[in-house]
Amino acid sequence: MFVRSLFSSLLLAGVAAASAHAAEVGVRTLDMPAPERNRDIRVTVWYPAGAGGTPTLIGDNQLFKGAPARENAPVADGRFPLVLLSHGSGGRVEAMSWLAVALAEAGFIVAGPNHPGTTSGDSTPAATPRIWERTADLSALIDGFSADAGWRAAIDTARIGVVGFSLGGAAAMEIAGARADLEAYARYCDGYGKWDCAWFAGGRGYVDDAPVTVEKVDLRKLDRVRFEQSNLDPRVRSVVAVDPGLAQAYVADSLKAVAIPLAFINLGSPGTIPEAVISDRLAALVPHSSYAAVAEAGHFSFLPECKEGSAALLKSLGEVDPICQDPGKRPRGDIHAELKRLIVEALQRSLKASF
């Protein structure tokens, strides 16, 4: 659920020269104000493009394969739905480029921030459960794109969606109106002791790409009002949540009140999906929901395809999570193809058709 350990620095080199001309997808990076943070946040934008731009690979580094796009290409003529991305804890939005390119090819403008405090090289247990900061980041992006004359001409602000993975899936659910119960989450961590709950036990975090020793997080001392508040943004019209965090803590009545399409996707065959993220019971409570499980996949299958030698590199760094090992015989590229299809179809149904 949380990609933040010894290979953190490998995720930071996110752009490399591309060897081939990408399909009609442009990419830009920009900074947008984030009032909740009292600072600007860095945002990557993928979009349907006209001719031009410099071929690049976004997310390419020593560990992962990047995805091709054309840096600073002009935006194609037309108005497109906007899809916001929210990465997992300890990850980076550049690592979602394999999906972002597919969405841009399908006719969406796609944008995602690197969330401060829960991004590779800047990740601590104390920042992780502050979901309201992530939802505020996403709402700030909507504000920024809506106010910018250039982007406003290309974006149909009546058709906005969010796709989130892991902790980003929790943020996506909350921006749709789901609310979590702090005591339920604390009780779950009392008895689970894995994934996010193990992270809260303290030890090591990252600040300014340097390892730091961090204290144990007592969830019951978290700001209950902020944790349990509604983070609904009514401008969001569709959500896709992949292996969403906080799965055992959502308030049932808040799920029943979600008014927009919410597609849940779990990574794994039946009986293999971890308790931390299993979502079929959540989907059963949301009125306009769908549920799919991707067979022979694992939580880390959502990460980019690994380069040859990556497993050995991770082992040499002392990494214990199966970052580059998927549980079944399916290649990760095949798993990604299914995820692209599920996510693109869900967003086309909800944002390119009337609801």
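Just so it is clear, the structure is predicted and the values come from calculations on it, not from any experiment.

1. Quick look at the side chain of S97
Part 1 of the argument: When you line up the elements, S97 lands in helix α1 (residues 97–105).
Part 2 of the argument: Owing to a relative accessible area of 1%, S97 belongs among the buried residues under this scheme.
Part 3 of the argument: With residues near it in sequence (within four places) discarded, S97 still touches W46, I58 and A67.

2. A closer look at the environment of D233
Part 1 of the argument: Mapped onto the secondary structure, D233 falls in the loop between α7 (224–228) and β13 (238–242).
Part 2 of the argument: Under the relative-accessibility criterion, D233 is labelled buried at 5%.
Part 3 of the argument: C-alpha separation for the pair D233 and S139, spaced 94 residues apart in sequence, amounts to 7.0 Å.
Part 4 of the argument: Excluding residues that lie within four positions of it along the chain, D233 makes contacts with S139, I142 and I175.
Part 5 of the argument: Here S139 takes part through its side chain, which lies 2.7 Å from a polar atom of the side chain of D233.

3. Digging into unusual backbone geometry
Part 1 of the argument: Positive phi is not limited to glycine here, since S166 has a value of about 60°.
Part 2 of the argument: Take S166: it is sitting in the loop between β10 (155–165) and α4 (167–175).
Part 3 of the argument: Its identity is not glycine, yet D243 carries a phi of approximately 45°, on the positive side.
Part 4 of the argument: With respect to the helices, strands and loops of the structure, D243 is situated in the loop between β13 and α8 (252–256).
Part 5 of the argument: D243 sits in the buried class, given a relative accessible area of 0%.

4. A closer look at the environment of V25
Part 1 of the argument: For V25, the location among the structural elements is in strand β2 (residues 25–34).
Part 2 of the argument: Among the residues examined, V25 registers a relative accessible area of 1% and is labelled buried.
Part 3 of the argument: The spatial distance from the C-alpha of V25 to the C-alpha of G107 is 9.5 Å, given a sequence separation of 82 residues.
Part 4 of the argument: In contact with V25, not counting residues within four places along its chain, are W46, Y47, A49, A69, R70, V101, A104 and E105.

Calculation rules
- Residues numbered from 1 in each chain as written.
- Predicted model: local features only at pLDDT ≥ 70, side-chain atom pairs only at ≥ 80, totals over all residues.
- Heavy atoms only, no water.
- Helix = DSSP H or I, 4+ residues; strand = E, 2+ residues; numbered from the N terminus.
- Buried < 20%, exposed > 50% of the residue type's maximum accessible area, 1.4 Å probe, protein only.
- Contact = heavy atoms within 4.5 Å.
- Polar contact = N/O pair within 3.5 Å; in protein donor to acceptor, adjacent residues only side chain to side chain.

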